[in-house]
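Okay, here's what each chain looks like letter by letter:
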Amino acid sequence: MAAPRSTTQLEKEDLERDAAFKKALHGKTGEGRQGFTAMLGKDHGAQKEAVDEYFKHWDNKSSATETEETRKARRDQYATLTRHYYNLATDLYEYGWGQSFHFSRYSKGEAFRQAMARHEHYLALKMNIQEGQRVLDVGCGVGGPAREIVKFTGCNTVGLNNNDYQIERATNYAKREGLDHKLSFTKGDFMQMPYPDNSFDAVYAIEATVHAPSLEGIYTEIFRVLKPGGVFGVYEWLMTDKYNNDDAHHRAIRLGIEQGDGIANMEKIEVALAAMKAAGFTLELNEDMADRPDELPWYWPLSGDLRYMQSIWDLPTLARMTKIGRGLMHNFVGALESIKLAPKGTQKTADSLALAADSLVAGGKEKLFTPMYLMVGRKPGKA
Ligand SMILES: CC(C)=CCC[C@@H](C)[C@H]1CC[C@H]2C3=C(CC[C@]12C)[C@@]1(C)CC[C@H](O)C[C@@H]1CC3
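Quick summary incoming for the structure in this document. (Residues numbered from 1 in each chain as written. Predicted model: local features only at pLDDT ≥ 70, side-chain atom pairs only at ≥ 80, totals over all residues. Heavy atoms only, no water.)

Turning next to the overall build of the protein. Across its full length, the protein carries 15 helices and seven strands. Computed over C-alpha atoms, the radius of gyration of the protein comes to 20 Å, within 12% of the 21 Å expected from 2.2 N^0.38 for 383 residues, which places it in the range of a compact globule. Taken along the three principal axes of its C-alpha coordinates, the protein extends 60 × 45 × 45 Å. Looking at the protein as a whole, 57% of its 383 residues qualify as buried. Of the contacts made within the protein by residues no fewer than 6 positions apart, 77% connect residues no fewer than 24 positions apart. Summing over all exposed atoms, the protein offers an accessible surface of approximately 16300 Å²; the carbon and sulfur share of this is 53%. Across the protein, the 49 positively charged side chains and the 52 negatively charged ones have centroids separated by 2 Å. (Helix = DSSP H or I, 4+ residues; strand = E, 2+ residues; numbered from the N terminus. Rg over C-alpha atoms; globule rule 2.2 N^0.38 Å. Buried < 20%, exposed > 50% of the residue type's maximum accessible area, 1.4 Å probe, protein only. Contact = heavy atoms within 4.5 Å. Areas by Shrake-Rupley, 256 points an atom, 1.4 Å probe, with all protein chains shown as cover. Lys, Arg positive; Asp, Glu negative; His and termini not counted. Charge placed at Lys NZ, Arg CZ, Asp CG, Glu CD.)

Structure, rendered in structure tokens:
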């Protein structure tokens, strides 16, 4: 039962152009160096191009003045916007967060990496991913969750991503862990996937499909590549029912999250549920995991609030996000830029990520936003 391709306007793909840009910007930094040191090895001219391309959507725009036209321009250029966001942010993500680019629930005394893995296992469990199944990870980042889910379930996975730098890093990590016989990566736009209809037993997306210009469009494309009887599981980034688009404060929080996190357009929960239905899925499970009564909120590592410290190992994470920590980071990166060790735009990117952190924490505290709206849907038909 193949659904028609989405009617959303799609960007024309140019794989050669993107591969050449990756080579120009990142050089050999995708091969080994990680995080901060990788950031220092970029080409300054190419970095300027990425910065200009990304920030043209946000500079001199505010939630008070933004128009539907500005939002449409972002949706129309979703793929370029997201690709350049990750060209700029990937090294900082790895430096400050690790290789799994998502949030998770946390329980008291639980180590950060353990909680992250638990969140990934939970999705695999709810989808009932089995050994040997052919699985697609949509928007796989540098492959942290895919490696964990392959090890946890024994499935065979393909990761899809439209950023060549992340693909290169993901491929190298998989090889290093001896998982390359079960895990491979494809460069491509998730709105127009390079796979035939009915290709996968299961598809999952962890905090990635929010980069799509339309949730109905991306869910429809996922439905197309799933085999009949196949399962789709997603942790979606969404504004909650409490979000009121006529409230200036709410809109400022949404725009801060969108800018800081490379998102063209973020929707409310009701839109995601309707999109699952419109795509053809039978919804088996939907729950806002951020609404569970956990002692530690999902946003604690970004809060800079030292009361959340579980062990001494959490200190660097929290300290980095305090006022003093951020000020030091801002000045340090600025100094590296002025002596030309870091390319121009590094400070602007770091400041934009700080805006992301503030807006995410505010959205989480005020219950206006969730990064973990769990949905599991099935494509009708016999497996
Ligand atoms: C963008 C989407 C859809 C998912 C990524 C979620 C998170 C992994 C990121 C959201 C905000 C990011 C920030 C950082 C790491 C990755 C995120 C948590 C930093 C901690 C990286 C180090 C910088 O100095 C501060 C960043 C704040 C935001």
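Turning our eyes to something else, we now look at unusual backbone geometry. A negative phi holds for most residues other than glycine; trans holds for most peptide bonds. We note that Asn198 has phi near 55°; this positive angle belongs to a residue other than glycine. When you line up the elements, Asn198 lands in the loop between strand S3 (183-187) and strand S4 (200-206). On the basis of relative accessibility, which here comes to 34%, the residue Asn198 falls in the partly exposed class. The backbone phi angle of Glu207 is positive, close to 50°, even though this residue is not glycine.

Attention shifts here to the side chain of Arg224. Within the element layout of this structure, Arg224 appears in helix H9 (residues 215-225). At 2.9 Å, the side chain of Arg224 forms a polar contact with the side chain of Glu221. (Polar contact = N/O pair within 3.5 Å; in protein donor to acceptor, adjacent residues only side chain to side chain.)

Along the chain, Phe332 turns up in helix H14 (residues 323-338). Residues Phe332 and Gln347, 15 residues apart in the sequence, show an inter-C-alpha distance of 8.8 Å.

Looking now at the packing of aromatic side chains. The geometry of an aromatic ring pair is captured by the separation of the ring centres together with the interplanar angle, meaning the angle of the planes. Tallied over the entire structure, the rule returns 20 aromatic pairs. An angle of 50° between the planes, with centres 5.5 Å apart, marks the rings of Tyr54 and Tyr85 as tilted. Within this pair, whereas Tyr54 is found in helix H3 (residues 44-55), its partner Tyr85 is found in helix H5 (residues 78-96), the two being separated by 31 residues in sequence. Relative accessible area serves as the criterion here: at 1%, Tyr54 is assigned to the buried category. Between Phe223 and Phe281, the ring centres sit 5.1 Å apart and the planes meet at 80°, which makes this aromatic pair edge-to-face. You can see Phe223 sitting in helix H9 and its partner Phe281 sitting in the loop between helix H11 (269-279) and strand S6 (282-288), a full 58 residues away along the chain. Phe281 sits in the buried class, given a relative accessible area of 6%. (Phe/Tyr/Trp six-rings, centres within 6.5 Å; stacked < 30°, edge-to-face > 60°.)

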